[in-house]
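# Observations on the model geometry
Take a look at the letters that make up each chain.
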Amino acid sequence: MLLLAAPALASCGFTPLYAERGAASVSADLSALDVRAPDTKLGRELKYNLLDLLSGSGNPPSNPAYVVELAPTVYDEDLAIERDADVTRKNMVMVVPFRLVDTATNKIVMRSTARSRSSYNRVDSEFANIVAAQDAERRIARAIADDIKLQLSIHFDRQARAGG
């Protein structure tokens, strides 16, 4: 089945997103990025999740070609409210507008937004509620980092295809 599908995929112009194209590759472009985020727990979580995805070492380059600037916001939504006004389930929503800045010209070359949400149960134990909220925050920070990496990858792939 896979052998029969291979010629069809080749003729449709499909190429892997992270494939090398001569001297350029999306992976090389991503590893040349630095990340700026607010100096908060959430900002650091997003920054280091994204740096882990962008480079093999998880460290920013010494001379980055671009900087990704993040501006995260988080809010909670009550999902399940009992008759006695107890909230038994919450949604945590994270919205992260970001922009890609060329360090040579200091011009913004891309703007976008990443969004994610996660739900968690609320129980009688306040400690359990705090731990559940922190876990939800970690999960959506990882999902946001994945989404930002994908959006940046698509940007660099389109740039390479256009010859720029």
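Being a predicted model, the structure only gives us computed values, none of them experimental.

Calculation rules
- Residue numbers here run from 1 along each chain, matching the order of that chain's written sequence.
- Whole-chain, interface and lining totals are the exception, using all residues; otherwise, since this is a predicted model, local features are given only for residues with pLDDT of at least 70 and side-chain atom pairs are given and counted only at 80 or more.
- Working from all heavy atoms in the structure, the side-chain values ignore hydrogens and water.
- Under the DSSP-based scheme used, a helix requires at least four consecutive residues in state H or I and a strand at least two consecutive residues in state E, with every element numbered from the N terminus.
- Any two residues whose heavy atoms approach within 4.5 Å at even a single point are treated as in contact.
- Relative accessibility decides the category of a residue: with a 1.4 Å probe and only protein chains considered, values under 20% of the type maximum give buried, values over 50% give exposed, and everything between is partly exposed.
- As used throughout, the charge tally considers Lys and Arg to be positive and Asp and Glu to be negative, leaving His and the chain termini uncounted.
- Here, a salt bridge means any Lys or Arg side-chain nitrogen found within 4 Å of an Asp or Glu carboxyl oxygen.
- Looking at any residue, its pLDDT shows the predictor's confidence there, from 0 to 100.
- In this analysis, the expected span of each helix is defined as 1.5 Å times one less than the number of residues it contains.
- Side-chain atoms within 4.5 Å are what join buried Ala, Val, Leu, Ile, Met, Phe, Trp, Tyr and Cys residues into a set we call a nonpolar core.
- Between the N-to-C directions of two axes lies an angle of 0 to 180 degrees, each axis being a line fitted to C-alpha atoms and, for a helix, fitted only over the stretch in contact.
- In these notes the angle categories are as follows: under 35 degrees is roughly parallel, over 145 is roughly antiparallel, 65 to 115 is roughly perpendicular, and the rest is oblique.
- Take the far helix as your reference; a near helix turned counterclockwise from it by less than a right angle gives a left-handed crossing, and one turned clockwise gives a right-handed crossing.

### Regarding the environment of R111
With respect to the helices and strands, R111 occurs in strand β7 (residues 108–121). Note: C-alpha distance between R111 and R99 (12 residues apart in sequence) is 4.3 Å. Sequence-distant contacts of R111, defined by excluding residues within four places in its chain, comprise F98 and R99.

### A closer look at the side chain of N129
As for its placement among the helices and strands, N129 is situated in helix α4 (residues 126–161). Classification of N129 as buried rests on a relative accessible area of 2%.

### Brief notes about the side chain of D102
Here D102 lies in strand β6 (residues 87–102). K107 provides the closest opposite charge to the buried, unpaired D102, separated from it by 8.9 Å.

### A short note on the confidence of the model for the protein
When the pLDDT values of the protein are averaged, the result is 84; 80% of them are 70 or greater. Of all secondary-structure elements in the protein, the lowest mean pLDDT belongs to strand β1 (residues 20–21), at 52, while strand β4 (residues 66–70) reaches the highest, 96.

### A short note on α4
Over its 36 residues, α4 runs 52 Å from end to end, which matches the ideal 52 Å to within 8%, given 1.5 Å per residue. Following α4 by one or two positions, G163 adopts a phi angle in the positive range, close to 90°.

### Quick word on unusual backbone geometry
Of note in this structure, N106 is not a glycine but carries a positive phi near 60°. Within the secondary structure, N106 is located in the loop between β6 and β7.

### Quick notes on the pattern of salt bridges
One side chain can pair with another of opposite charge once the charged atoms of both are near each other. Applying the stated rule across the entire model yields five salt bridges. With a shortest N-O distance of 3.2 Å, R36 and E69 are connected by a salt bridge. Of this pair, R36 sits in strand β3 (residues 33–36) while E69 sits in strand β4, and the two are 33 residues apart along the sequence. Assessed through its relative accessible area of 48%, R36 is described here as partly exposed. Here D135 ties to R138 by a salt bridge, and the two come within 3.9 Å at their closest N and O atoms. Of this pair, D135 and R138 both sit in helix α4, three residues apart, which is roughly one turn of the helix. The partly exposed category is assigned to D135, whose relative accessible area is 29%. Each of the salt bridges in this network shares a partner with another, and the network as a whole consists of R36, E69 and R99.

### Digging into helix α3 (residues 41–54)
Between its first and last C-alpha, α3 extends 20 Å over 14 residues, near the 20 Å set by a 1.5 Å rise per residue. Residues L42, G43, L46, N49, L50, L51 and L54 constitute the buried set of α3.

### Some thoughts on the nonpolar core
Counting 30 residues, the largest nonpolar core has L33, V68, L70, I148 and L152 as the members making the most contacts within it. Of all the elements in the fold, those that place two or more residues in this core are α2 (26–31), β3, α3, β4, β6, β7 and α4. Here the element with the most residues in this core is α4; it accounts for 10 residues. The contact partners of V68, leaving out residues within four places of it in the chain, are L33, D34, V35, R36, L50, F98, R99, L100, I148 and L152.

### Looking at the packing of α3 against α4
Their axes nearest at 9 Å, the elements α3 and α4 cross at an angle of 45°. By the criterion of interaxial angle, the relationship of α3 to α4 is oblique. Handedness of the α3/α4 crossing: right-handed. On the side of α3, the interface is formed by K41, L42, E45, L46, N49, L50, L53 and L54, while α4 contributes Q134, E137, R138, A141, R142, I144, A145, D146, I148 and K149.

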